[in-house]
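# Residue-level structural notes
So the chains spell out like this:
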Amino acid sequence: MPTLEVVPDHFPHASDRASFRRPAALPGVELYRARIVRHCFDPHAHEGYGLGVIEAGAERFRYRGREHEAPAGALVLMQPGELHTGAPACAQGWTYRMLYLDEAVLRQHLGEDAPLWHFRTAVHGDAARARHFGRGLGALWAAQEEGDHPAQEAALAHCLSLLAPLTQAAPPPVERGGFARLQARLREALAHPWRLAEMAALAGMSPSHFQRSFSACHQVSPHQWLMAQRLAEAKRLLAQGEPAATVAAAVGLTDQAHLTRRFAAMYGTTPARYQREIGRRPLA
């Protein structure tokens, strides 16, 4: 894996590095590569599919209520919008690449009538497939940097063809724990200063019952879940070029410094650097 750019000081170890890219020819596609030795990512989610490969070391993460470990040579396959963490599983940490893919891009690739993907497992141990997928992601990254649009499209198609045999038709959505309406209400008003008692009242429960029930259902507290939604929306707005201070206010964070701290904890980079890496200058 090529040497990565040096990350800001918020990473606790000098060896921790991470970079984002967005291929200009592929809207709805985001690339990420990193080597993490000490940093532990807070629970967070991505709008699209998270499709990655562990190139060295090992990662442990919590996803859909279970602890997982992904060693070198494994694929990591996550559904859109699913909360997950990330931490080193060995002393050397882990080196990995990710492809974040909007559902609309997959729909375009598969065809309008084809079902979207659902992965049978979050960690798939197929070293040969993982190696080819990693090379495909490397080619996609290189084509992005060179501005080679046909090569970007070809590399993406190759990466998706490698994963297609690992998928099945997505099952119908299941409302877990009866919190879907509440979660929709929270997403509609991220800037609101939500308190536990207010959320509990909307769910028709006492605060203590709500806290226990929600945490049992989602493996995170209501406020952790809410923060993950706020940061996912912040990332989307930053990718559109919105200034960080405006984004912080829009998603209910105290100020730009608060956004920077939480964004770094969840995504491993600052809002300013994220915008710079994906080529989105803040709007005036």
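Residues numbered from 1 in each chain as written. Predicted model: local features only at pLDDT ≥ 70, side-chain atom pairs only at ≥ 80, totals over all residues. Heavy atoms only, no water.

The helix and strand tally for the chain stands at ten helices and eleven strands. Computed over C-alpha atoms, the radius of gyration of the chain comes to 19 Å, within 12% of the 19 Å expected from 2.2 N^0.38 for 284 residues, which places it in the range of a compact globule. Expressed as lengths along the three principal axes of its C-alpha atoms, the size of the chain is roughly 55 × 40 × 40 Å. Split into buried and exposed, the 284 residues of the chain put 49% on the buried side. Long-range contacts, defined as pairs at least 24 residues apart, comprise 71% of the intrachain contacts of the chain with a sequence gap of at least 6. For the chain, the computed accessible surface area is about 13,100 Å², with 51% contributed by carbon and sulfur atoms. For the chain, the distance from the average site of its 31 positive side-chain charges to the average site of its 27 negative ones is 5 Å. (Helix = DSSP H or I, 4+ residues; strand = E, 2+ residues; numbered from the N terminus. Rg over C-alpha atoms; globule rule 2.2 N^0.38 Å. Buried < 20%, exposed > 50% of the residue type's maximum accessible area, 1.4 Å probe, protein only. Contact = heavy atoms within 4.5 Å. Areas by Shrake-Rupley, 256 points an atom, 1.4 Å probe, with all protein chains shown as cover. Lys, Arg positive; Asp, Glu negative; His and termini not counted. Charge placed at Lys NZ, Arg CZ, Asp CG, Glu CD.)

Moving on, we come to the packing of aromatic side chains. Each aromatic ring pair is characterised by the separation of its centres together with the angle its planes make. As enumerated under the stated definition, the model contains 14 aromatic pairs in all. Taken together, the aromatic side chains of Phe20, Tyr32, Phe41, Trp94, Tyr96, Tyr100, Phe263, Tyr267 and Tyr274 make up a single cluster linked through ring pairs. The ring of tyrosine 100 has lysine 235 sitting right over it, with the charged end atom 5.7 Å from the ring centre. One Lys or Arg, lysine 235, reaches over the ring of tyrosine 267 and ends 5.6 Å from the middle of that ring. (Phe/Tyr/Trp six-rings, centres within 6.5 Å; stacked < 30°, edge-to-face > 60°. Lys NZ or Arg CZ within 6 Å of the ring centre and 35° of its normal.)

Now for the UniProt feature "domain: HTH araC/xylS-type" (unreviewed entry) in the chain. Sites flagged by UniProt as "domain: HTH araC/xylS-type" (unreviewed entry) map to residues 180-277. Measuring from the first to the last C-alpha atom of residues 180-277 gives 35 Å, for a span that is 74% helix and 0% strand. (UniProt positions renumbered as here; feature names shortened; annotations may be inferred.)

Another point: the confidence of the model for the chain. The predicted model of the chain averages 91 in pLDDT, with 92% of residues at 70 or higher. Below pLDDT 50 for its whole length, residues 1-9 participates in 27 contacts with residues either more than four positions away or in separate chains. (pLDDT = per-residue confidence, 0-100.)

Position of glutamate 59 among the secondary structure elements: in strand 4 (residues 49-63). With sequence-adjacent residues up to four places away left out, glutamate 59 is seen in contact with Ile54, His68, Glu69, Ala70, Val76, Thr85, Gly86, Ala87, Ala89 and Trp94.

Let us now look at the packing of helix 2 (residues 127-146) against helix 3 (residues 149-163). Put simply, helix 2 and helix 3 touch, their axes get as near as 8 Å, and they point 160° apart. When the interaxial angle is binned, helix 2 and helix 3 end up roughly antiparallel. Viewed along their axes, helix 2 and helix 3 form a crossing whose handedness is left-handed. For the pair helix 2 and helix 3, contact is made by Arg129, His132, Phe133, Gly136, Leu137, Ala139, Leu140, Ala143 and Gln144 and by Ala151, Gln152, Ala155, Leu156, His158, Cys159, Leu162 and Leu163, respectively. Partitioning the contact of helix 2 with helix 3 into residue classes produces eleven nonpolar, five polar and one charged. (Axes fitted to C-alpha atoms, helices over the stretch in contact; angles between N-to-C directions. Parallel < 35°, antiparallel > 145°, perpendicular 65-115°, else oblique. Left-handed = near helix turned anticlockwise from the far one by under 90°. Nonpolar A, V, L, I, M, F, W, Y, C, P; charged D, E, K, R; others polar.)

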